Amino acid sequence: ADGRGIAAPNEPRAPAQRSGKTSADPLFDRPVFLVSPPRSGSTLLFETLARAANVYTIGHESHALIEGVPGLAASARNFDSNRLDADDATGGIAGTLRERFYAELRDRAGRAPDYGAVRMLEKTPKNSLRVPFLARVFPEARFVYLYRDPRQTLASMLEAWESGRFRTYPDLPGWQGIPWSLLLTPGWRALAGKPLHEIVAAQWETATRLLLDDLQGLPEQQRCVARYDALLADPQGEITRLCAVLGLQWDQPLDGALPPSRHTVSAPHPDKWRSRAGEIEVMLPSIEGTLERAERFAEAVAA
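The notes below deal with the structure included here.

So, how was this worked out
Residues numbered from 1 in each chain as written. Predicted model: local features only at pLDDT ≥ 70, side-chain atom pairs only at ≥ 80, totals over all residues. Heavy atoms only, no water. Helix = DSSP H or I, 4+ residues; strand = E, 2+ residues; numbered from the N terminus. Buried < 20%, exposed > 50% of the residue type's maximum accessible area, 1.4 Å probe, protein only. Areas by Shrake-Rupley, 256 points an atom, 1.4 Å probe, with all protein chains shown as cover. Core = buried A, V, L, I, M, F, W, Y, C linked by side-chain atoms within 4.5 Å. Contact = heavy atoms within 4.5 Å. Axes fitted to C-alpha atoms, helices over the stretch in contact; angles between N-to-C directions. Parallel < 35°, antiparallel > 145°, perpendicular 65-115°, else oblique. Left-handed = near helix turned anticlockwise from the far one by under 90°. Nonpolar A, V, L, I, M, F, W, Y, C, P; charged D, E, K, R; others polar. Pairing = 2+ DSSP bridges. Salt bridge = Lys/Arg side-chain N within 4 Å of Asp/Glu carboxyl O. Polar contact = N/O pair within 3.5 Å; in protein donor to acceptor, adjacent residues only side chain to side chain. Phe/Tyr/Trp six-rings, centres within 6.5 Å; stacked < 30°, edge-to-face > 60°.

1. Quick look at the overall build of the protein
Along its length, the protein carries 10 helices and seven strands. Within the protein, buried positions represent 55% of all 303 residues. When the accessible surface of the protein is summed, it comes to about 12,800 Å², and 52% of that surface belongs to carbon and sulfur atoms.

Listed below in structure tokens is the structure:
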């Protein structure tokens, strides 16, 4: 294998097409996009689901793949944000992006597709701002909203900014202070000069609000929810449930706790956020509406 999964190179290849029905999309059969604000645990979920028998991934996040298409990078859009909507998915851009994804796909044994429409799995936090765009490019797309306790997510986002490992726009025009990290949200210019905890709160709130708006605009069959707490508490149960919902072929036991993901900064713990409780709790009133909305959405869609 090449780091995309754990499987023997000589294992039988899973059928590329869905049993009994050919995908209307000739290349992408119900591609699965994991979407969430940054630092919600999406890498852990991605690395686990990538071990399914019939899944293909590009093996990493798609920043360069998407933003390498002319016109899609933030620098080509006046650095307004990473937001892309359906109008950005012109025929030429959509076709180019589909070709770029398909060319990089590999299954868990490192093999490229050789026939039929394949089940692609993708996760990039910036895509929480791109659901309408992706739904236009990939008509059969399924979106999995990963919900994590916002206090935990905010703590992890603060840690990510401070670590220096997630600097997406180190020379962002007009930005002063700590280099910009993680996704570039609409309205970021109004955050210049704010304390880091206010920047992070606004970043989480904007990403989450737009993501929920976009998901609620999709047909119900195109969206579902995964919960980070359930993934940690019962990995086998949560992955089995998700694979059943998504039509993925799961054939491996998950014994014990899941290993830390590749992007872990420090050892995870449900109460780790409490070490930063002062910074986090002062943020909560300003984002209360979106906090409550995210929890309601996660409960309703998972029901």
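2. Side note on the nonpolar core
Core analysis: the biggest nonpolar cluster contains 37 residues, and F101, F133, F138, F143, Y145 and L215 have the highest contact counts within it. Put simply, the parts of the chain that give this core at least two residues each are β1 (32-35), α2 (63-67), α3 (91-104), α4 (131-137), β4 (142-147), α6 (196-216) and α10 (288-302). Sequence-distant contacts of F133, defined by excluding residues within four places in its chain, comprise L72, L84, D85, A86, D88, A89, I93 and L97. Counting residues in hydrophobic clusters, the runner-up holds 30 residues, among them L129, L172, I199 and L291.

3. Section: the packing of helix α5 (residues 150-163) against α6
Here α5 crosses α6 at 125°, and the two axes come no closer than 10 Å. As judged from the angle between their axes, α5 and α6 are oblique. Handedness of the α5/α6 crossing: right-handed. Every residue of α6 that contacts α5 at P150, T153, L154, M157, L158, W161 and E162 is listed here: L196, H197, I199, V200, A201, Q203 and W204. Considered class by class, the residues forming the contact of α5 with α6 number 10 nonpolar, three polar and one charged.

4. Overview of the pairing of strand β3 (residues 119-123)
Summarising burial for β3: five of the five residues are buried, a large majority. Across the two faces of β3 the burial is the same, with R119, L121 and K123 and M120 and E122 all buried. With two bridges joining them, strand β2 (residues 55-56) and β3 adopt parallel strand pairing. Bridge pairing in β3 places V55 opposite R119.

5. Here's the deal with the sheet that holds β4
Read across the open sheet, the five strands follow the order β2-β3-β1-β4-β7; overall the sheet is parallel. Single-partner strands in this sheet number two, and they are β2 and β7 (223-227). Along the sheet, helix α1 (residues 42-49) contacts β1, β2, β3, β4 and β7; its crossing angle with β3, the most-contacted strand, is approximately 160°. In the packing of helix α8 (residues 235-246) onto the sheet, the strands contacted are β1, β3, β4 and β7, and the crossing angle to β7 comes to about 175°.

6. Some words on the packing of α1 against α8
Two elements in contact, α1 and α8, have axes separated by 11 Å at closest approach and are oriented at 70°. Considered as vectors, α1 and α8 are oriented roughly perpendicular to each other. Of α8, the residues touching α1 (which contributes L45, T48 and L49) are I239, L242 and C243. In the contact of α1 with α8, the residues fall into five nonpolar, one polar and no charged.

7. Structural notes on the pattern of salt bridges
Side chains bearing opposite charge may pair, as long as their charged atoms lie close to each other. Within this structure, the stated rule accounts for 18 salt bridges. In this structure, the salt-bridge partner of D107 is R111, at a minimum N-O distance of 3.0 Å. Neither residue differs from the other here; D107 and R111 are each classed as buried. One salt bridge in this structure joins R151 and D149, with 2.8 Å as the shortest N-O distance. On the accessibility criterion, R151 (29% relative accessible area) is partly exposed. Where salt bridges share partners, they join E67, K126 and R130 into one cluster.

8. Here we look at the side chain of S40
Among the structural elements, S40 can be located in the loop between β1 and α1. By relative accessible area, S40 is classed as buried at 1%. From its side chain, S40 meets the backbone oxygen of P37 in a polar contact 2.8 Å long. For S40, the contacting residues outside a window of four places in its chain are L146, R148, T153 and Y228.

9. What about the packing of aromatic side chains?
Evaluation of the coordinates by the stated rule reveals 12 aromatic pairs. An angle of 25° between the planes, with centres 5.6 Å apart, marks the rings of F33 and F143 as stacked. Remark: F143 occurs in strand β4 and F33 occurs in strand β1; sequence separation between them is 110 residues. Taken individually, F33 and F143 each receive the classification buried, so the pair is uniform in this respect. An angle of 65° between the planes, with centres 6.1 Å apart, marks the rings of W175 and W188 as edge-to-face. Of this pair, W175 sits in the loop between β5 (167-169) and β6 (180-181) while W188 is found in the loop between β6 and α6, placing the two residues 13 residues apart along the sequence.

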